[in-house]
Amino acid sequence: MTRFGVLLFFFLFFPPLARAQDNYAIQAFKIDGVRSVSKDALREGLATRTSPWSNRFLFWRAEPLFSTEEFERDLRRIIEFYQREGFFHAQIASHKIAADDKKRQVRLYVNIVENQPTQIIDLQLAGVDLPRVDQLFRIAQALLKRGERLRVVALRNCQVALATDLTNHGFPFASVETQVKRDDDNKTAIVIFRINPGVASVFGQVQVTGTSHISPRVVRAALPFHPGQVFDQSKLIEGQQRVYRLEMFQTVSLRAQTTEQQSNEIPIEVRVREAPAHTLKLGAGYGTEDLFRAAINFRRRNFLGGGRRLEVEIKYSDLEPGRVQARIFQPHFFDAKTGLIISPFYFRHNEKVFNPRRKIYSQKSFGGELTAQRQYDLYTNVFLRYRLEDATVTPFDSLKAVIPGSYRKASWGFSALYNNALPIFAPVQGRYFALQIDYSGPLSEFKYLTTKFHYVKVSGDGRTYSEIAPGLVMAYRLKLGTLEVLDDALNFAPIEERFYAGGSASVRGWQRSQLGPHLNETPTGGQSLLEGSIEARFKIFPAASGRLLHALGAALFVDFGNVWSTSLTYKIEEIRYATGLGLRYDTPIGPIRLDAARKSSLEMPIDKRHWEFYLSVGQAF
């Protein structure tokens with residue numbers, strides 16, 4: 001029976017829908033008989049919906065209203081959904097609308113009989129002089145397996161995958177058509193992909209337009225292909241990303257100059273629009289931890305030619321009463337994926353606790369970093385760094401006798417970062433993983449460049465974000481760290497390199513750096529760290545309420561963690577917990593955040609109060 005035959009059968013032989021009063025609130029919508037497909041995916045395509053669970057708490061939100069006409073369409077959508085999933089004989093066995101005129105509510109019931117799905121029994125590739133036939137067949141078999149349901153989305157994905165593979169291997173004019181031979185009596189199907197590969201092609205000459213101050217050679221050097229190389233459509237996307245990451249241009253587009261007449265050489269046009277040669281940005285803000293803060297950022301593009309960038313940044317806050325840092329970025333160091341960063345710096349830092357505010361230590365440092373950065377793909381970066389600095393550290397009174405006032409630090413650093421979380425300032429989906437390893441020891445010393453402390457410091461940070469319902473995002477975070485002193489008999493680690501926990505971006509039930517080892521009620525930091533968070537972020541008002549109201553959100557969270565004095569020490573029974581809630585208001589630079597967090601218990605002598613409050617910009621993680 002065809003799709004339209006099923007629909008005609010449905011409307012001829014099923015009783016007409018009971019007419020309930022439109023605009024009644026939908027109290028319940030129950031769908032029974034769904035066993036072989038995702039009920040969530042089925043409901044996602046329906047217009048008739050119940051209110052989300054959050055409305056139980058956000059009682060001022062309006063309840064969804066019932067529409068008889070829309071419900072009739074949804075019954076057709078259910079059948080169409082099942083046909084797309086391979087159930088060409090699915091039926092709606094019964095449906096019911098129960099109206100409560102007194103409460104002006106309706107309850108909806110639908111019972112589905114799925115019946116047997118249509119299965120794929122054979123998969124064929126057809127065409128003349130098929131290139132890469134073995135590879136194409138493996139792609140098809142990986143996406144469409146014999147015995148599986150005949151799903152429309154799987155057919156489309158396989159069709160696109162076959163065409164994409166050919167386009168990425170020298171056949172930019174390839175086309176793929178899908179033919180399905182269905183046997184409704186036996187509920188089986190044969191899938192045939194008819195492939196026309198077209199002419200085999202290579203990259204032609206690259207023309208760069210839109211440059212005035214920047215040499216076209218800078219653009220060409222960033223491209224992952226060259227004339228004469230086998231044409232690969234994916235290289236155009238990668239090339240656009242590479243050129244844009246030079247941060248020299250406001251817009252970048254790459255276009256293969258194909259015509260109706262197929263050619264074995266494809267010229268490429270790169271269109272760019274240069275960004276301003278100089279930019280100056282000023283910023284100011286306030287937070288409960290750093291109080292007033294200000295920043296000045298100056299950027300010079302194409303510094304001394306060759307696509308280099310010069311960036312100078314000056315910052316001030318109560319925690320950093322002075323930071324000046326310059327960065328010179330040299331692209332195409334070794335190859336197009338690797339850049340070199342030279343970064344001299346001077347900064348002052350005051351690590352503090354609050355209520356009352358007093359210093360844990362103060363630090364002045366002058367030095368520089370040399371960093372090689374390699375970007376493997378759009379989301380993955382790897383860094384190799386050498387850092388040299390002269391530091392003057394003044395700790396609180398109890399540690400002054402054991403910490404030298406001034407010393408030199410030299411270290412190698414390796415870090416890897418994977419980040420596909422979007423959007424940047426307030427992610428709703430994606431993942432973030434960061435690994436940092438720092439080594440200070442004999443291998444980081446060169447003749448006169450000796451260092452006082454020898455240690456290995458390792459930290460890893462993982463975060464994941466998922467939107468489980470419209471406007472409801474679940475965010476998770478876990479961070480681990482350890483610091484191993486290499487050759488100090490007293491096992492003494494630099495106070496500024498130790499781990500601290502607590503604060504607006506850590507375990508929010510404790511003030512900044514307050515969680516962990518103490519001496520005379522002053523934090524001393526530790527050599528092992530564990531901290532994490534689970535946070536539910538949601539909008540208070542729906543999108544229909546307007547931009548200003550929809551920008552207001554809230555969060556419920558649980559934070560946990562602690563710091564231990566020795567390395568590789570994580571005592572589960574000593575993990576501290578805090579629960580809290582917060583308000584969020586979206587802005588172009590991230591949400592304005594107000595959080596209130598409560599300790600699970602007052603166990604430590606320094607735990608003076610249950611609640612802590614924070615005002616800041618940006619999500620906690």
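The written sequence of each chain sets the order in which its residues are numbered from 1. Under the rules for a predicted model, residues below a pLDDT of 70 receive no local features and side-chain atom pairs below 80 are neither given nor counted, while totals for whole chains, interfaces and linings still include all residues. Heavy atoms from the whole structure form the basis of all side-chain values; hydrogens and water molecules are not counted.

**Let's talk about the overall build of the protein chain**
To qualify as a helix, a DSSP run of H or I must reach at least 4 residues; to qualify as a strand, a run of E must reach at least 2; elements of each kind are numbered from the N terminus. A tally of regular secondary structure across the protein chain gives 8 helices and 27 strands. For every residue, the accessible area (1.4 Å probe, protein chains only) is compared with the maximum for its type, and the residue is labelled buried under 20%, exposed over 50%, or partly exposed between those bounds. Per-residue burial over the protein chain gives 45% buried out of 621 residues. When contacts within the protein chain are restricted to residue pairs at least 6 apart in sequence, those whose partners lie at least 24 apart make up 60%. Element-wise, carbon and sulfur atoms account for 56% of the exposed surface of the protein chain, whose accessible area totals about 32,000 Å². Lys and Arg are tallied as positive, Asp and Glu as negative. Neither His nor the chain termini are counted. The atom standing in for a charge is NZ when the residue is Lys, CZ when it is Arg, CG when it is Asp and CD when it is Glu. If the 81 positive side-chain charges of the protein chain are averaged to one point and the 63 negative ones to another, these points end up 3 Å apart. It only takes one pair of heavy atoms within 4.5 Å for two residues to be counted as in contact. Computed by Shrake-Rupley with a 1.4 Å probe, the accessible areas treat only the displayed protein chains as cover when residues are assessed.

**A short note on unusual backbone geometry**
Cis peptide bonds are those with omega within 30 degrees of zero, and the linkage from L422 to P423 qualifies with -10 degrees. Looking at where P423 falls in the secondary structure, it is placed in the loop between β17 (406-419) and β18 (430-440). One non-glycine residue with positive phi stands out, namely N115, at about 60 degrees. Structurally, the position occupied by N115 is in the loop between β3 (105-113) and β4 (119-127). Even without being a glycine, R132 presents a positive backbone phi close to 50 degrees.

**Quick notes on the packing of aromatic side chains**
The pairing test for Phe, Tyr and Trp rings, Trp by its six-membered ring, is centres within 6.5 Å, and the orientation test on the planes gives stacked under 30 degrees, edge-to-face over 60, and tilted for anything in between. Scanning the entire structure with this criterion turns up 18 aromatic pairs. Consider the rings of F203 and F225, whose centres lie 4.2 Å apart with planes at 10 degrees: the pair is stacked. One end of the pair, F203, is in strand β7 (residues 202-209); the other, F225, is in the loop between α6 (216-222) and α7 (233-245), and 22 residues separate them in sequence. There is no split in this pair, since F203 and F225 are both buried. Ring geometry for F560 and Y577: centres 6.3 Å apart, planes at 40 degrees, overall tilted. Within this pair, whereas F560 is found in strand β24 (residues 552-564), its partner Y577 is found in strand β25 (residues 576-585), the two being separated by 17 residues in sequence. Counting every residue linked through ring pairs, the aromatic cluster contains F29, F66 and F71. If you follow R374 out to its NZ or CZ, it ends over the ring of Y376, 5.3 Å from the centre. Geometrically, a lysine NZ or arginine CZ counts as sitting over a ring once it is within 6 Å of the ring centre and also within 35 degrees of the ring normal.

**Describing helix α5 (residues 152-167)**
Here a helix's expected span is defined as the number of its residues, less one, multiplied by 1.5 Å. The end-to-end C-alpha distance of α5 is 23 Å, a good match for the 22 Å that 16 residues give at a rise of 1.5 Å each. Residues A154, L155, C158, L162, A163, D165, L166 and T167 constitute the buried set of α5. Summarising the contacts, the buried residues of α5 are in contact with β4, α4 (133-143), β5 (175-183), β6 (188-196) and α7.

**Re the packing of α4 against α5**
Between α4 and α5, the shortest axis-to-axis distance is 9 Å and the interhelical angle comes to 160 degrees. Taken together, the axes of α4 and α5 are roughly antiparallel relative to one another. As α4 packs across α5, the resulting crossing turns out to be right-handed. Contact with α4, carried on its side by L136, I139, A140 and L143, involves A154, N157, C158, A161, L162, D165 and L166 of α5 and no other residues of that element. Here the residues of the contact of α4 with α5 sort into 9 nonpolar, 1 polar and 1 charged. Angles shown run from 0 to 180 degrees and are taken between the N-to-C directions of axes, each axis being a line fitted to C-alpha atoms and, for helices, limited to the stretch in contact. Reported orientations rely on four angle classes, namely roughly parallel under 35 degrees, roughly antiparallel over 145, roughly perpendicular from 65 to 115, and oblique for the rest. A crossing counts as left-handed when the near helix is turned anticlockwise from the far one by less than a right angle, and as right-handed when that turn is clockwise. Think of it as three bins: nonpolar holds Ala, Val, Leu, Ile, Met, Phe, Trp, Tyr, Cys and Pro, charged holds Asp, Glu, Lys and Arg, and polar takes everything else, Gly as well.

**A closer look at the nonpolar core**
Residues belong to a common nonpolar core when they are buried Ala, Val, Leu, Ile, Met, Phe, Trp, Tyr or Cys residues joined through side-chain atoms within 4.5 Å. Within the largest apolar cluster, 24 residues are counted, with the highest numbers of intra-cluster contacts made by I360, Y361, V393, I495 and W510. When residues of this core are traced back to their parent elements, those giving at least two are β15 (358-375), β16 (380-395) and β20 (472-485). With residues near it in sequence (within four places) discarded, I360 still touches E351, K352, V353, P395, F396, I495, Y500, S513, T522 and P523.

**Section: the pattern of salt bridges**
What counts as a salt bridge is simple: a side-chain nitrogen of Lys or Arg found within 4 Å of a carboxyl oxygen of Asp or Glu. A complete count under the given rule lists 47 salt bridges for this structure. For R309, the salt bridge is made with E247, and the minimal N-O distance between the two is 3.7 Å. Of this pair, R309 sits in strand β12 (residues 309-316) while E247 sits in the loop between α7 and β8 (249-256), and the two are 62 residues apart along the sequence. Among the ionic pairs, K409 bridges to E496, the shortest N-O distance being 3.0 Å. You can see K409 sitting in strand β17 and its partner E496 sitting in the loop between β20 and β21 (518-519), a full 87 residues away along the chain. With relative accessibility at 12%, the residue E496 sits in the buried group.

**Some words on the sheet that holds strand β2 (residues 91-100)**
The pairing of strands in a sheet comes from backbone hydrogen bonds and takes either a parallel or an antiparallel form. With mixed pairing, the 3 strands of this open sheet are ordered in space as β1-β3-β2. The sheet is open, and its two borders are formed by β1 (25-32) and β2, each paired with just one other strand. Each adjacent strand pair in this sheet contributes to an overall mean axis angle of 10 degrees, direction not counted. Should DSSP find at least two bridges between two strands, the strands are taken to pair.

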